[in-house]
Amino acid sequence: MAKKEKNFSRRDFLKTSGIAAGALIGGGVIGGLIGPNAGGTGSSTATVPSGATGGILHLQFFTNNEEFQILMQATERIFPEDELGPGAIRLNVPYFIDRQLAGAYGENSKEYMQPPFYEGERTQGYQSRLRRNEIFRQGLQAMQTEAKNRFNANFVDLEGRQMDEILTAFQEDEIKMKGVSSLFFFRLLRQATLEGAYSDPVYNGNANMDGWRMKGFPGHQAAYINQVDSEKFQEIEPRSLGM
Amino acid sequence: MVTTLEKVDVVTVGVGWTGGIIAAECAKEGLKVVGLERGRERSTEDYSIVHDEYRYAIRYELMQDLSRETITFRNRRNQRALPMRQMGSFLLGEGLGGSGTNWNGQNWRFLPYDFQIKTMTEEKYGKNKLSADYTIQDWGITYDELEPYFTRFEKTAGISGEDTNPFWGKRSEGFPTPPMKKTPILKKFETASTKLGLSPFMMPSANLSEAYENPDGARINACQYCGFCERFGCAYGAKTSPEVTVVPTALNTGNFEVKYNANAVEILKEDDKVTGVRYIDTITFEEFIQPAEVVVLTSYIMNNAKLLMVSDIGEQYDPETGRGTLGKNYGYQILPSATGFFDEQMNTFMGAGALGMTVDDFNGDNFDHSDLDFIHGASLSITQTGLRPILHNPIPPDTPSWGADFKKASIHNFTRTLNITGQGASMPFKENYMSLDGTYKDIYGVPLLQLTYNFTDQDRALHAHLTQRAGEIMQEMGAKTVVGGNPISDYDIVPYQTTHNTGGTIMGTNRDDSVVNNYLQHWDAENLFVVGAGNFAHNGGYNPTGTVGALAYRCAEGIIKYSKDGGALA
């Protein structure tokens, strides 16, 4: 076991997995793959959902287009469009996050928010007095400030690698935020992005179920009792609860 | 103003597995039973839109509302305990059925070794195998004494399984229903572990292989392998849970009533007996007293312990002096694991919560510990519970956790990764305990329970050894890359680990070593019973529910006996 781990490298992994994947996955589910097959030969049927271009009129939490645009670009860097299929923006992730921040998630309705507040040890978890929607708003503003300081530009006008540099600084806890660490904000942002990409479309993300299509997850299916002992991988058209 | 209600024979605090079993057995005997349930009523009809990972698995639809009540936590005594503001490491249940609604259904009997762990360890390895700081003790009951109650619970639940494990205790009867389907993923594990000389067998499951009617006449349907069990309720009534079995059984007698939105805040005691329970209506905040001949604490381990503490019943454990038993021997579960990355795609999204195969060759004292610096071990299992996309993003080491490479790798490996996980035993340690918090309160004004817990050297050694064993099986299964679980350091309450918390109201042979006797009757009040995983003097190498169910049937028998004859039962 240890021997295999030692010899492992990411480059090797991508190379070998690309070959194997190309042989096994049908193009109808997932388009071109990593490795030798890379290059955008995918046949994704995604279309841009109507909400994705709705702009500020469709927002429930954010009130300012500038900060929403930062959220859009940041989530897209975390989960980018590629030859496999759409990224966060075309999956409607920013709108998913906006709605979540306006509701119980953003308001920490089911969390213990009684004082006194102390910073605590890492192992003691969430100890901020801030609600999640306050953390997001402050975090997005801090990303804009960081873009101005580092590159003298708006975050949304940066090149991808410059956005990544800023996101990495948040992840490595190098950015000063009030009442919460930048690492904590980054984790929230990353997790919310994945939630928006893969939750049922009834929550407004995972547009056209393309998050599920890319991943080979069929969503809401009544039963697998007739397929679960099949030796073959089953490609199943996904279904949403809302269908 | 407090309203005092009409006296009943038995009142239970909580209506999940233990409360439901006590209610069914006592009500069948003609005793009038009231169950106080702080959550709401729910049934199979409430789970028709349950295939929703975000709502149930991420936002914890069925779990406790922490804005009302939580616990505080610290790793060690010299730290400031702080509230668990959001759930992570374990998920506390709420509502009718409790955690019995959202469990996976992996149903085990603890090993004969577990119940006599101190005696058997000392016999084989001498008195100094573990330092005295590990407060292991026998449970005051043997496997053979508990066997009829295990059988009873398995019949109620209709457990699906096969009696081919050479390491578990002798069974008086076979399983009520045959094992689940042996899928290709399970067969990989079976072939590999057999080749390594181990003894794989189908995991005993409360997701039933076929429709079943239990001895009380309750119907449980056949599992559809839809892949939504843990953190979910079953849309099919095919995962045995209290609300499809013991709760209707109790209600059908006409002797059982559930009071919903009833949050118990105090057990009332006069001299050497308890007189009832004071509770608060969670909607109106009105206070009520429910007088009863017998009070049974049947909530989760933390609230069972907390209620005793706030009611000042029993002596609080003090780690400084070792005196007191209430809150003592808090245990968790150690989770060795190995992940295997495969070339071929597998149907990892299909499954059931207890669809799995297990080896017990490295559990309990089933292997020689002479040259090892730990005792006990873990059951090692492959399970096909149905993986879902938000929570499952497997990436090989050195892959970034976001961005283009993350997206590709996590999508690629979603259907190409398998895990072998161990339910590892957790030995009690003198510094790991529960008490009352001096600062933080719940919304009813009651102090929060305080948890002081960290992993120990025993835990770290067990984890490292069992992770190696898991890795060997995974390697044999043909994984291209095998990655062992990270070594454990300090316990961290943030990432989900397991909801197998134990101890605090431990059972034993006398009042100096335990809170309750082996009928789960309190040493300081003969009409007070406390039942659940809190009774475990240590945590074994399995999921706890099967053993909890057996203890609940034992407790019910004790209550019925006590109601007729009175007095101490042991």
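The structure presented is a predicted model; accordingly, all values stated were derived computationally and were not measured.

**Q** Please give an account of the sheet that holds strand β6 (residues 201–202) of chain B that cites residues and values.
**A** Residue and element names in this part refer to chain B. In spatial order, the strands read β6-β15-β16-β17-β14-β20; together these six strands make up an open sheet with antiparallel pairing. Here the strands that pair on one side only, and so sit at the sheet edges, are β6 and β20 (481–484). In this structure, strand β14 (residues 337–341) lies alongside strand β17 (residues 417–424), joined through five bridges in antiparallel fashion. Counterpart to S337 in the pairing with β17 is T421. Set on the sheet, helix α11 (residues 457–476) makes contact with β14, β15 (356–359), β16 (378–383), β17 and β20; between it and β14 the angle comes to about 25°.

**Q** An account of the UniProt feature "domain: Glucose-methanol-choline oxidoreductase C-terminal" (unreviewed entry) in chain B is requested, with residue identities and associated values reported.
**A** On the UniProt side, "domain: Glucose-methanol-choline oxidoreductase C-terminal" (unreviewed entry) is annotated at positions that read residues 428–552 of chain B here. Annotated as residues 428–552 of chain B, this span is 22% helix and 20% strand, and its ends, taken at the C-alpha atoms, are 22 Å apart.

**Q** So what's going on with the environment of R109 of chain B? Residues and values would help.
**A** Residues and elements named next belong to chain B. Checked against the element boundaries, R109 lands in the loop between α3 (99–102) and α4 (112–115). Separated by 438 residues in the primary sequence, R109 and T547 place their C-alpha atoms 5.4 Å from one another. Among all residues touching R109, those that are not within four sequence positions of it are Y143, E147, F150, T151, E154, K170, R171, Y542 and T547. Reaching out from R109, the side chain makes a polar contact with the side chain of T151 at a distance of 3.1 Å. A polar contact is formed between the side chain of R109 and the side chain of E154, at a distance of 2.8 Å.

**Q** Can you explain the side chain of Q79 of chain B? Please cite residues and give values.
**A** Looking at where Q79 of chain B falls in the secondary structure, it is placed in the loop between β4 (71–74) and β5 (82–83). On the accessibility criterion, Q79 of chain B (12% relative accessible area) is buried. For Q79 of chain B, the side chain forms a polar contact with the main-chain nitrogen of N75 of chain B, separated by 2.8 Å. Leave out the neighbours within four places in its chain, and Q79 of chain B touches E121 and Q124 of chain A together with R74 of chain B.

**Q** Any chance you could break down the UniProt feature "domain: Glucose-methanol-choline oxidoreductase N-terminal" (unreviewed entry) in chain B for me, citing the residues and the numbers?
**A** Under the feature "domain: Glucose-methanol-choline oxidoreductase N-terminal" (unreviewed entry), the UniProt entry names residues 219–323 of chain B. Taken end to end, residues 219–323 of chain B is 16% helix and 33% strand, and its two terminal C-alpha atoms sit 48 Å from one another.

**Q** Explain the packing of helix α3 (residues 65–78) of chain A against helix α4 (residues 93–102) of chain A residue by residue, including any values.
**A** All names here are of chain A. Between α3 and α4, whose axes approach to 9 Å, the crossing angle comes to 125°. Taken together, the axes of α3 and α4 are oblique relative to one another. Handedness of the α3/α4 crossing: right-handed. Taking contact as the criterion, the partners of F68, L71, M72 and T75 in α3 are, on α4, V93, P94, Y95, I97 and D98. When grouped by side-chain class, the residues that make up the contact of α3 with α4 number seven nonpolar, one polar and one charged.

**Q** How would you explain the nonpolar core if you had to name every residue and give the values?
**A** With 223 residues, the main nonpolar core has F136 and M143 of chain A together with F90, M477 and L528 of chain B as its most contacted residues. For this core, the leading source of residues is helix α12 (residues 545–565) of chain B, giving 10 residues. Setting aside chain neighbours within four positions, we find F90 of chain B in contact with I71, M84, M302, Y332, L451, Y491, I493, Y496, T498, T499 and N501 of chain B.

**Q** Can you explain the sheet that holds β5 of chain B? Please cite residues and give values.
**A** Residues and elements named next belong to chain B. Taken in spatial order, the four strands line up as β5-β4-β19-β18 in an open sheet, and their pairing is mixed. A single partner strand is all that each edge strand has here, and the edge strands are β5 and β18 (433–441). Relative to strand β19 (residues 447–452), β4 runs parallel, the two being bridged by four bridges. Its bridge partner being in β19, R74 is matched across the sheet by T452. In the packing of helix α9 (residues 301–310) onto the sheet, contacts are made with β4, β18 and β19, and the angle to β18 comes to roughly 70°.

**Q** Tell me about unusual backbone geometry, and name the residues and values.
**A** Looking along the chain, the bond that leaves P115 of chain A and enters P116 of chain A is cis, with omega of 0°. With respect to the helices and strands, P116 of chain A occurs in the loop between α5 (104–107) and α6 (132–151). Phi at R231 of chain B takes a positive value of approximately 80°, unusual for a residue other than glycine. Looking at where R231 of chain B falls in the secondary structure, it is placed in the loop between β8 (219–220) and α8 (246–252). Positive phi is not limited to glycine here, since D271 of chain B has a value of about 55°. Examined against the element boundaries, D271 of chain B turns out to sit in the loop between β10 (262–270) and β11 (273–281). The class of D271 of chain B is exposed, set by a relative accessible area of 72%.

**Q** Before we move on, could you go through the interface of chain A and chain B and cite the residues and values that matter?
**A** Counting from both sides, the interface comprises 82 residues of chain A and, opposite them, 91 residues of chain B. Between E83 of chain A and K408 of chain B there is a salt bridge, and its shortest N-O distance comes to 3.5 Å. Linking chain A to chain B there are 38 residue pairs in polar contact (both at pLDDT 80 or more).

**Q** A description of the environment of F414 of chain B should follow, citing residues and the corresponding values.
**A** Residues and elements named next belong to chain B. Within the fold, F414 resides in the loop between α10 (404–413) and β17. With relative accessibility at 0%, the residue F414 sits in the buried group. Between the alpha carbons of F414 and Y562 there is a distance of 54 Å; along the sequence they are 148 residues apart.

**Q** Account for the pairing of strand β3 (residues 33–36) of chain B, naming residues and giving values.
**A** Two faces, one strand: in a regular strand the side chains alternate between the faces of the sheet. Residues and elements named next belong to chain B. Neither face of β3 is exposed, since V33 and G35 on one face and V34 and L36 on the opposite face are all buried. Here strand β2 (residues 8–13) pairs with β3 via four bridges, running parallel. Across the sheet, V13 pairs through a bridge with L36, a residue of β3. Regarding the hand of the β-α-β motif, the stretch spanning β2, helix α1 (residues 17–28) and β3 is right-handed. For β3 and strand β9 (residues 256–259), the ladder comprises four bridges, and the chain directions are parallel. When the bridges of β9 are listed, G35 appears paired with V258.

About the thresholds
Numbers given for residues are sequential positions, taken from 1 along each chain in its written order. Starting at A for chains and at 1 for ligands, labels are handed out in the order in which the entities are written. In keeping with the model being predicted, local features are shown solely for residues with a pLDDT of at least 70 and side-chain atom pairs are shown and tallied solely at 80 or more, while totals for entire chains, interfaces and linings include all residues. Based on all heavy atoms of the structure, the side-chain values leave hydrogens and waters out of the count. Strands pair, by our definition, only if DSSP identifies at least two bridges between them. Put simply, DSSP marks the helices as runs of H or I at least four residues long and the strands as runs of E at least two long, and each gets a number from the N terminus on. In what follows, residue pairs with any heavy atoms lying within 4.5 Å of each other are defined as contacts. For every element, the axis is a line fit to its C-alpha atoms; helices are fit only across the contacting stretch, and the angle between N-to-C directions ranges from 0 to 180 degrees. UniProt positions are given in the numbering used here, feature names are shortened, and annotations may be inferred rather than shown by experiment. Any N or O atom pair separated by 3.5 Å or less is treated as a polar contact, with the protein-specific requirement of one donor-capable and one acceptor-capable atom, and with residues adjacent in sequence counted only for side-chain atom pairs. Exposure classes here rest on a 1.4 Å probe applied to the protein chains alone. A residue is buried below 20% of its type maximum, exposed above 50%, and partly exposed in between. Orientation is classified from the angle alone, with under 35 degrees giving roughly parallel, over 145 giving roughly antiparallel, 65 to 115 giving roughly perpendicular, and any other angle giving oblique. It is the rotation of the near helix from the far one that decides the hand of a crossing: anticlockwise by less than a right angle makes it left-handed, clockwise makes it right-handed. Residues are grouped as follows: nonpolar covers Ala, Val, Leu, Ile, Met, Phe, Trp, Tyr, Cys and Pro; charged covers Asp, Glu, Lys and Arg; every other residue, Gly included, is treated as polar. Take the buried residues of types Ala, Val, Leu, Ile, Met, Phe, Trp, Tyr and Cys, join any two whose side-chain atoms come within 4.5 Å, and each joined set is a nonpolar core. A side-chain nitrogen of Lys or Arg and a carboxyl oxygen of Asp or Glu constitute a salt bridge if their distance falls within 4 Å. Note on handedness: a clockwise path from strand one over the helix to strand two, with the strands aimed away from the viewer, defines a right-handed crossover.

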